[in-house]
Amino acid sequence: MKDEVLFKLSYGMYAIGVKDENKPSACIVNTVFQVTNTPNTVAVSMNHNNYSHECIMKTGLFTVSVLSEDTPGTVIGALGFNSGRDTDKLANIRHKVLAEGVPVIKENTCCWFLCKVITSVDTPTHTVFIGEVIAGSDKAKGTPMTYDYYHSVIKGSAPRNAPTYRAAPPVEDGNDGEEWVCTVCGYLYNDPDVSFEELPADWVCPICGMPKSAFKRK
Ligand code: FE
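Residues numbered from 1 in each chain as written. Predicted model: local features only at pLDDT ≥ 70, side-chain atom pairs only at ≥ 80, totals over all residues. Heavy atoms only, no water.

Undergrad: If you had to explain the pairing of strand β9 (residues 126-136) to someone new, which residues and values would you point to?
TA: The pairing of strand β4 (residues 40-47) with β9 spans 7 bridges and is classified as antiparallel. By the bridge assignment for β9, T41 is matched with E132. Bridging between strand β8 (residues 111-122) and β9 involves 9 bridges; their strand directions are antiparallel. The residue of β9 that forms the bridge with V117 is G131. (Pairing = 2+ DSSP bridges. Helix = DSSP H or I, 4+ residues; strand = E, 2+ residues; numbered from the N terminus.)

Shown next as structure tokens:
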């Protein structure tokens, strides 16, 4: 079978809030789905190497903030392309820390809910945590961001640890392509109205915040 067959599966975009002993952190995943409704349970798949994985293993708690189409790409960049081990990923992101010590994201998100892990399934690379929903926001608003929207409209890509990560084709210098790709997050710049060269010198990647120098012609 070709791997492309699985690229036709649909996903959403979610921020997973976690805490370790002292501080809250968060990461981005695209694999969250409801498992049952009495009680409400959801599953999330997380790479073993993620700091958030370590936090969930320790505390048995996580939140899910459902990103909307209006959630800025920079939120995805800050939470999805850094490690909470060495950065305060929430430093520049509007969020609220719940009484349980785990954060929820307030950047035009649709809604949030808090989960307590009731069981998990291990695989060689990822753990699927199944959590019971024990609290959540009163309202749900906005249009949830799908993974396809993130790819096709925001032009983002998956970090290496995501279950849906796809290796990008190698980027070479020196050809005449009109598309520029961010070497950090995979964001593709191809605005037909403003060439990459015309962008101001202080322009930064809308996803991960890296400068123009981090881009290569595709
Ligand atoms: Fe980037």
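The rest of the description comes next.
Undergrad: Describe in detail the coordination of the iron ion, supporting the description with residues and values.
TA: Perfect tetrahedral coordination of a metal by four donors corresponds to 109.5 degrees between them, and perfect octahedral coordination by six donors corresponds to 90 or 180 degrees. Distances from the iron ion to its protein donors, C182 (SG), C185 (SG), C205 (SG) and C208 (SG), fall at 2.2 to 2.4 Å. Coordination at the iron ion is tetrahedral: its 4 donor atoms span angles of 101 to 117° at the metal. Between consecutive donors of the iron ion, the numbers of intervening residues give the motif C-x2-C-x19-C-x2-C. (Donors = N, O, S within 2.8 Å, 3.2 Å for Na, K, Ca; no water. Tetrahedral: all angles 85-135°; square planar, octahedral: opposite > 155°, others 65-115°.)

Undergrad: Quick rundown of helix α1 (residues 51-59)? Include the residues and the values.
TA: Among the residues making up α1, those that are buried are Y51, S52, H53, C55 and I56. With its phi angle positive at about 70°, G60 sits one or two positions after the end of α1. (Buried < 20%, exposed > 50% of the residue type's maximum accessible area, 1.4 Å probe, protein only.)

Undergrad: Can you lay out a positive patch on the surface for me, pointing to particular residues and giving the numbers?
TA: Among the surface-exposed residues, K96, K106, K139 and K141 lie close enough to one another that they form a single positively charged patch. Along the chain, K141 falls in the loop between β9 and α3 (147-152). (Patch = residues over 30% accessible without salt bridge, like charges linked within 9 Å, V, L, I, M, F, W, Y side chains within 5 Å. Areas by Shrake-Rupley, 256 points an atom, 1.4 Å probe, with all protein chains shown as cover. Salt bridge = Lys/Arg side-chain N within 4 Å of Asp/Glu carboxyl O. Lys, Arg positive; Asp, Glu negative; His and termini not counted. Charge placed at Lys NZ, Arg CZ, Asp CG, Glu CD.)

Undergrad: Describe in detail the sheet that holds strand β11 (residues 188-189), supporting the description with residues and values.
TA: What the 3 strands build is an open sheet, ordered β11-β10-β12; its pairing is antiparallel. At either margin of the open sheet sits one strand with a lone partner, and together these are β11 and β12 (215-217). Sheet topology note: the strand β10 (residues 180-182)/β12 ladder contains 3 bridges and is antiparallel. Residue C182 lies in a different strand from β12, and its bridge partner there is F215.

Undergrad: Help me get a handle on the sheet that holds β8, residues and values and all.
TA: Here 7 strands make up an open sheet; going across it, the order is β2-β1-β5-β8-β9-β4-β3 and the pairing antiparallel. In this open sheet, the two edge strands, each paired with only one partner strand, are β2 (24-29) and β3 (32-37). Pairwise comparison of adjacent strand axes, ignoring direction, gives a mean angle of 35° for this sheet. Along the sheet, α1 makes contact with β1 (14-19), β2, β4, β5 (61-66), β8 and β9, crossing β1 at roughly 55°. Relative to the sheet, helix α2 (residues 73-80) contacts β1 and β2, its axis offset from that of β2 by approximately 110°. (Axes fitted to C-alpha atoms, helices over the stretch in contact; angles between N-to-C directions. Contact = heavy atoms within 4.5 Å.)

Undergrad: I'd love a proper account of α2, names of residues and values included.
TA: For α2, the buried fraction is high: 6 of the 8 residues fall into the buried class. Looking at α2, one finds that the buried residues are G73, V75, I76, G77, L79 and G80. Tucked into the core, α2 has its buried residues touching β1, β2, β7 (103-105) and α3.

Undergrad: I'd like a description of the nonpolar core, backed by residues and values.
TA: In this structure, L79, Y150, Y187 and F215 are the most contacted members of the largest nonpolar core, which totals 29 residues. At the level of elements, β2, α2, α3 and β10 are the ones that each hand at least two residues to this core. Looking at this core element by element, the count peaks at 3 residues for α2. The residues touching F215, leaving out its near neighbours within four places in the chain, are W180, V181, C182, Y187, Y189, F196, W203, C205 and M210. (Core = buried A, V, L, I, M, F, W, Y, C linked by side-chain atoms within 4.5 Å.)

Undergrad: Could you give an account of the pattern of salt bridges, with specific residues and numbers?
TA: For the structure on display, the rule yields 5 salt bridges. Its salt-bridge partner being R85, residue E54 comes within 2.8 Å of it at the nearest N-O pair. Of this pair, E54 sits in helix α1 while R85 sits in the loop between α2 and β6 (95-97), and the two are 31 residues apart along the sequence. Overall, E54 belongs to the partly exposed group, its relative accessible area being 30%. A salt bridge links R94 to E107; the shortest N-O distance between them is 3.6 Å. Residue R94 is located in the loop between α2 and β6, and its partner E107 is located in the loop between β7 and β8; the two are separated by 13 residues in the primary sequence. On the accessibility criterion, E107 (11% relative accessible area) is buried. Taken together, the shared-partner salt bridges in this structure form one network comprising E21, E54, K58 and R85.

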